[in-house]
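# A structural walkthrough
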Amino acid sequence: VQLQASGGGLVQTGGSLRLSCAASGSIFSINSMSWYRQAPGKERELVASDTIAGNTNYADSVKGRFTISRDNVKNTGYLEMNSLKPEDTAVYYCKALGFGYGLGAFDVWGQGTLVTVSS
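A brief structural summary. (Residues numbered from 1 in each chain as written. Predicted model: local features only at pLDDT ≥ 70, side-chain atom pairs only at ≥ 80, totals over all residues. Heavy atoms only, no water.)

### As for the pairing of strand β10 (residues 104–109)
This is how the line gets drawn: Between any two strands, at least two bridges found by DSSP are needed for them to pair. Segments assigned H or I by DSSP are reported as helices when at least four residues long, segments assigned E as strands when at least two residues long, and all are numbered from the N terminus.
Summarising the sheet, strand β9 (residues 90–100) and β10 pair through 6 bridges and their orientation is antiparallel. Bridging across to β10, Gly98 finds its partner in Phe106. In sequence, β9 turns back onto β10 through a hairpin of 3 residues, with Gly102 there showing a positive phi of about 70 degrees.

### Some details on the sheet that holds strand β1 (residues 2–6)
Counted only if it meets this: Only the stretch in contact is used when a helix axis is fitted, and all axes are lines through C-alpha atoms; the angle between N-to-C directions ranges over 0 to 180 degrees.
The 4 strands are arranged β1-β3-β8-β7 in an open sheet whose pairing can be described as antiparallel. At either margin of the open sheet sits one strand with a lone partner, and together these are β1 and β7 (66–71). The sheet shows a mean angle of 15 degrees between the axes of neighbouring strands, direction not considered. Bridge count for β1 against strand β3 (residues 17–24) is 5 bridges, and the pairing is antiparallel. Directly across from Ser6, in β3, lies its bridge partner Ser20.

### Description of the state of the cysteines
Here is the rule we go by: Cysteine sulfur pairs qualify as disulfides if the two atoms are within 2.5 Å. Categorising residues by exposure relies on relative accessible area from a 1.4 Å probe, with only protein chains included: less than 20% of the type maximum marks a residue as buried, more than 50% marks it as exposed, and the intermediate range marks it as partly exposed.
Within this structure, the stated rule accounts for 1 disulfide. One disulfide in the model links Cys21 with Cys94; its S-S distance is 2.1 Å. Its torsion about the S-S bond being 70 degrees, the disulfide of Cys21 and Cys94 is classed as right-handed. Of this pair, Cys21 sits in strand β3 while Cys94 sits in strand β9, and the two are 73 residues apart along the sequence. Here Cys21 falls in the buried class, since its relative accessible area comes to 0%. Residue classification places Cys94 among the buried positions, given a relative accessible area of 0%.

It is worth stressing that arrangement in space is one thing and function is another; only the former is reported here.
Pasting the structure below:
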């Protein structure tokens, strides 16, 4: 199973971006998809996560601005980011936990996509 993250870019303060995370391979189910970010000189932090049951969790710093969602048919997750701030600048990574046909459980990371918010 592989994840391909995309959608990053340069945006002004107050702008919006939508990140995508497409999963490929012999996927039976994606039980949880998460988005993390890592800013220069800082540790990777959890931004948002969801479960197959529809439960979501957000970091306090993004609550009310970011929305996590997924399309289970396309095996793709999304992170809608609104009202972006310079402190949101980071490389964003997606992560998926699930089960694959003939693979058992998987826990995989995408390659990261850079989000830069200019002031």
